[in-house]
Amino acid sequence: MSDLILVERDGAIATVVLNQPAKLNALSRASWSELGERMRELSADEDLRCVVLRGAGTRAFGAGADIAEFPEVRADATQGKVYGELIASTMQAIGDCVHPTIAMIHGVCVGGGLEVALMCDVRICGESSRFGIPVNRLGLTMGYGELIGLLAVVGAATALEILLEGRVFDAREAHAKGLVQRVVADDQVGTEVLATAARVAAGAPLVARWHKQFIRRLRSREQLSGAEWDEGFACFDTEDYREGLRAFLAKQAPQFRGR
């Protein structure tokens, strides 16, 4: 494990740090690979209840892919496909994480950095944050695998606006477009994200995982199977449901165990 991607733990909450502050946390090929590996490992950790993703420092969440290495790793269509499939695999690892994910966005969040943030369930940024996907200035496209998060969050019309203009815009516009759910004062970003993570972690973990699964499944136009429909009621056989009901009736805080 290198120091390109750091993982910090605080009880049931893990924080994943994109750690290239000298490059505004731009993601190298090695960073993309390691980020995917870390997210898959965290998803498999049943002791976790929430994962926060952030950039090192407060200047940037992520400035996108590390363009300086493109002449060596993205020089033609063959290399571009390999690189693009790596990005898609990493984005899928973030999106498939069974635990709730929160993007803590300080400063610049553009290109691949925004792609990473868009795969998170909740995105919270500071008032001075900046957003965009200016790939048209480089003459490169976002492949199908990279477009999944953007399209799911903002829809086709806004996705095209962002990509065709290639503008970098402020937090207020990002919020209006639906790229972030919450904008707070710059010095309150960390506090707000950690408070949000604590609220998420206090909830029943199986319920959080099921809700993520159900929402993802409903994006598909395929009809639900009988088994899928019935899974929507599986919570009533869990220990967590019995504990939640007991605690509510006793006017106590529930102690969920993920069972």
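Participant: I would appreciate a short explanation of the pattern of salt bridges in the present structure.
Facilitator: If the charged atoms of two oppositely charged side chains come close together, the side chains can form a pair. As enumerated under the stated definition, the model contains 15 salt bridges in all. Asp-66 is the partner of Lys-23 in a salt bridge, and the nearest nitrogen-oxygen pair spans 2.9 Å. Pair noted here: Lys-23 is in the loop between β2 (13–18) and α1 (29–43) and Asp-66 is in the loop between β4 (60–62) and α2 (70–73), with a separation of 43 residues, a long-range link. Of the charged contacts, one joins Lys-212 and Asp-121 as a salt bridge, the two residues approaching to 3.0 Å between their closest N and O atoms. Here Asp-121 lies in the loop between α4 (112–118) and β7 (122–126) and Lys-212 lies in helix α8 (residues 205–218), a separation of 91 residues in the sequence. On the basis of relative accessibility, which here comes to 12%, the residue Lys-212 falls in the buried class. Look at Asp-121 and you get partly exposed, because its relative accessible area is 31%. Each of the salt bridges in this network shares a partner with another, and the network as a whole consists of Glu-161, Glu-165, Arg-167, Glu-173 and Lys-177.

Participant: Just to check I follow, could you spell out the pairing of β2 for this structure?
Facilitator: Within a regular strand, the side chains alternate between the two sheet faces. For β2, the tally of buried residues reaches 6 of 6 residues, placing the bulk of the element in the interior. What you see with β2 is no split at all: Ile-13, Thr-15 and Val-17 on one side and Ala-14, Val-16 and Leu-18 on the other are buried throughout. Of the strand pairs in this sheet, strand β1 (residues 5–10) and β2 are connected by 6 bridges, and their pairing is antiparallel. Within β2, the residue paired with Arg-9 across the bridge is Ala-14. Hairpin connection between β1 and β2: a loop of 2 residues separates the two successive antiparallel strands, and Gly-11 in this loop has a positive phi of roughly 65°. Across 6 bridges, the pairing between β2 and strand β3 (residues 50–55) is parallel. Residue Leu-18 lies in a different strand from β3, and its bridge partner there is Gly-55.

Participant: Help me understand the environment of Met-91 in this model?
Facilitator: Topologically, Met-91 is positioned in helix α3 (residues 77–95). As a C-alpha pair, Met-91 and Leu-35 span 56 residues in sequence and 9.1 Å in three-dimensional space. Those residues in contact with Met-91 that sit more than four places away from it in its chain are Glu-115, Met-119, Gly-145, Glu-146 and Gly-149.

Participant: Any chance you could explain unusual backbone geometry here in plain terms?
Facilitator: Across residues other than glycine, the phi torsion is negative in most instances, and most of the peptide bonds are trans. Although it is not a glycine, Leu-24 adopts a positive phi angle of roughly 55°. In this fold, Leu-24 is placed in the loop between β2 and α1.

Participant: Just checking my understanding: could you explain the packing of α1 against α3 for this structure?
Facilitator: Between two packed helices, the angle of one axis relative to the other and the distance separating the axes together describe the packing. Packing of α1 against α3 brings their axes to within 8 Å, and their N-to-C directions diverge by 30°. It follows from the interaxial angle that α1 and α3 lie roughly parallel. In this structure, the crossing between α1 and α3 has a hand that is left-handed. Packed against α1, whose contacting residues are Arg-29, Trp-32, Ser-33, Leu-35, Gly-36, Met-39 and Arg-40, the element α3 presents Tyr-83, Leu-86, Ile-87, Ser-89, Thr-90, Ala-93 and Ile-94 at the interface. Taken together, the residues that form the contact of α1 with α3 break down as 8 nonpolar, 4 polar and 2 charged.

Participant: Before we go on, may I ask you to explain the packing of aromatic side chains in this structure?
Facilitator: Two measures describe an aromatic ring pair: the distance that separates the ring centres and the angle between the ring planes. Here the structure, examined in full by the defined rule, presents 3 aromatic pairs. Geometrically, the ring pair formed by Phe-70 and Tyr-83 is edge-to-face, given 5.8 Å between the ring centres and 75° between the ring planes. With Phe-70 in helix α2 and Tyr-83 in helix α3, the pair connects residues that are 13 residues apart, well separated along the chain. Among the residues examined, Phe-70 registers a relative accessible area of 11% and is labelled buried. With 5.0 Å between their ring centres and 75° between their planes, Phe-236 and Tyr-241 make a pair best called edge-to-face. The ring of Phe-169 has Lys-177 lying over it, and the distance from NZ or CZ to the ring centre is 5.3 Å.

Participant: Can you walk me through the environment of Ala-227 in this structure?
Facilitator: Mapped onto the fold, Ala-227 is located in helix α9 (residues 226–231). Residue Ala-227 is classed as exposed on the basis of its relative accessible area, which comes to 58%. Sequence separation of Ala-227 and Leu-245 is 18 residues, and the distance between their C-alpha atoms is 25 Å.

Definitions and limits used
Residues numbered from 1 in each chain as written. Predicted model: local features only at pLDDT ≥ 70, side-chain atom pairs only at ≥ 80, totals over all residues. Heavy atoms only, no water. Salt bridge = Lys/Arg side-chain N within 4 Å of Asp/Glu carboxyl O. Helix = DSSP H or I, 4+ residues; strand = E, 2+ residues; numbered from the N terminus. Buried < 20%, exposed > 50% of the residue type's maximum accessible area, 1.4 Å probe, protein only. Pairing = 2+ DSSP bridges. Contact = heavy atoms within 4.5 Å. Axes fitted to C-alpha atoms, helices over the stretch in contact; angles between N-to-C directions. Parallel < 35°, antiparallel > 145°, perpendicular 65-115°, else oblique. Left-handed = near helix turned anticlockwise from the far one by under 90°. Nonpolar A, V, L, I, M, F, W, Y, C, P; charged D, E, K, R; others polar. Phe/Tyr/Trp six-rings, centres within 6.5 Å; stacked < 30°, edge-to-face > 60°. Lys NZ or Arg CZ within 6 Å of the ring centre and 35° of its normal.

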